[in-house]
Amino acid sequence: MSQKDSLLVHIDALYRSALYLVKNENNADDLVQETYLKAFKFLKNNKEINNVKAWLFKILMNTFINKYRKDKAEPSLVDFDNIESFHESIKEEVLTSSTTENEAEFNELLDADVKKALEELPEDFRLVILLSTVEGLSYKEISKMLECPIGTVMSRIYRGRKMLKEKLTGYAKKHGYERE
């Protein structure tokens with residue numbers, strides 16, 4: 001398998017993380033597409049990558065962070081005529097479909113209380129929890145990806161899990177995971 005082929009193996013994991021970061025399917029698609037575009041451009045020079053998964057996640061994170069910074073720096077322009085016509089065109093579709101396929105899958109995997117607790121975590125903590133627990137990346141890989149010390153990653157994971165535990169104590173008792 002060529003190195004370019006080995007990139008595509010990770011597309012689902014990248015998409016899950018992108019969807020979690022941007023909370024919108026179209027933006028997640030764009031983020032993953034841009035990640036792969038940058039990766040393929042880099043590999044055009046026949047350079048070898050040791051840990052493809054961590055490298056792709058680093059590109060994804062940097063792309064997300066750069067876009068976030070750019071969006072914060074420039075004010076958004078709004079064309080109200082376009083918004084109004086768009087709203088009218090999708091009104092019926094929105095009324096008939098309440099959740100998308102991915103949201104339905106995610107909701108099946110996580111109880112609403114757990115999902116809410118994850119979404120309420122500050123972004124830095126939510127991100128490291130996602131990368132370590134859901135995607136299975138090591139502390140070292142996350143550290144390189146986020147360009148922060150490994151101790152910071154470990155601390156954020158510990159504190160993020162502690163925040164989740166506090167938020168989910170009632171849930172755990174209710175479902176028999178913890179005694180009253």
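Fair warning: this is a prediction, and the values are worked out from it, not measured in the lab.

Structural notes on the pattern of salt bridges
Part 1: Overall, the coordinates contain four salt bridges when judged by the stated rule.
Part 2: With a closest N to O distance of 3.7 Å, lysine 38 and glutamate 34 form a salt bridge. Of this pair, lysine 38 and glutamate 34 are both found in helix H3 (residues 25-43), four residues apart, which corresponds to roughly one turn of the helix.
Part 3: Using a relative accessible area of 35% as the deciding quantity, one classes glutamate 34 as partly exposed.
Part 4: In this structure, the salt-bridge partner of glutamate 147 is lysine 58, at a minimum N-O distance of 3.2 Å. Residue glutamate 147 is found in the loop between helix H9 (139-146) and helix H10 (150-167), and its partner lysine 58 is found in helix H4 (residues 52-73); the two are separated by 89 residues along the sequence.
Part 5: Residue classification places glutamate 147 among the exposed positions, given a relative accessible area of 58%.
Part 6: A single salt-bridge network, built from bridges that share partners, covers Lys116, Glu120 and Lys167.

Quick look at the packing of helix H8 (residues 123-134) against H9
Part 1: Between H8 and H9, whose axes approach to 10 Å, the crossing angle comes to 135°. For the element pair H8 / H9, the angle class is oblique. Crossing geometry of H8 relative to H9 is assigned as right-handed. Every residue of H9 that contacts H8 at Leu127, Val128, Leu131 and Ser132 is listed here: Ile142, Met145 and Leu146.
Part 2: Its residues assigned to classes, the contact of H8 with H9 shows six nonpolar, one polar and no charged.

Brief notes about the confidence of the model for the protein
Part 1: In this model, the protein carries a mean pLDDT of 77, and residues with pLDDT of at least 70 account for 73%.
Part 2: Mean pLDDT across the elements of the protein ranges from a minimum in helix H6 (residues 101-109), with 48, to a maximum in H10, with 91.
Part 3: Across residues 91-103, where pLDDT falls below 50, the model places six contacts with residues more than four positions away in sequence or in other chains.

Conventions used here
Residues numbered from 1 in each chain as written. Predicted model: local features only at pLDDT ≥ 70, side-chain atom pairs only at ≥ 80, totals over all residues. Heavy atoms only, no water. Salt bridge = Lys/Arg side-chain N within 4 Å of Asp/Glu carboxyl O. Helix = DSSP H or I, 4+ residues; strand = E, 2+ residues; numbered from the N terminus. Buried < 20%, exposed > 50% of the residue type's maximum accessible area, 1.4 Å probe, protein only. Axes fitted to C-alpha atoms, helices over the stretch in contact; angles between N-to-C directions. Parallel < 35°, antiparallel > 145°, perpendicular 65-115°, else oblique. Left-handed = near helix turned anticlockwise from the far one by under 90°. Contact = heavy atoms within 4.5 Å. Nonpolar A, V, L, I, M, F, W, Y, C, P; charged D, E, K, R; others polar. pLDDT = per-residue confidence, 0-100.

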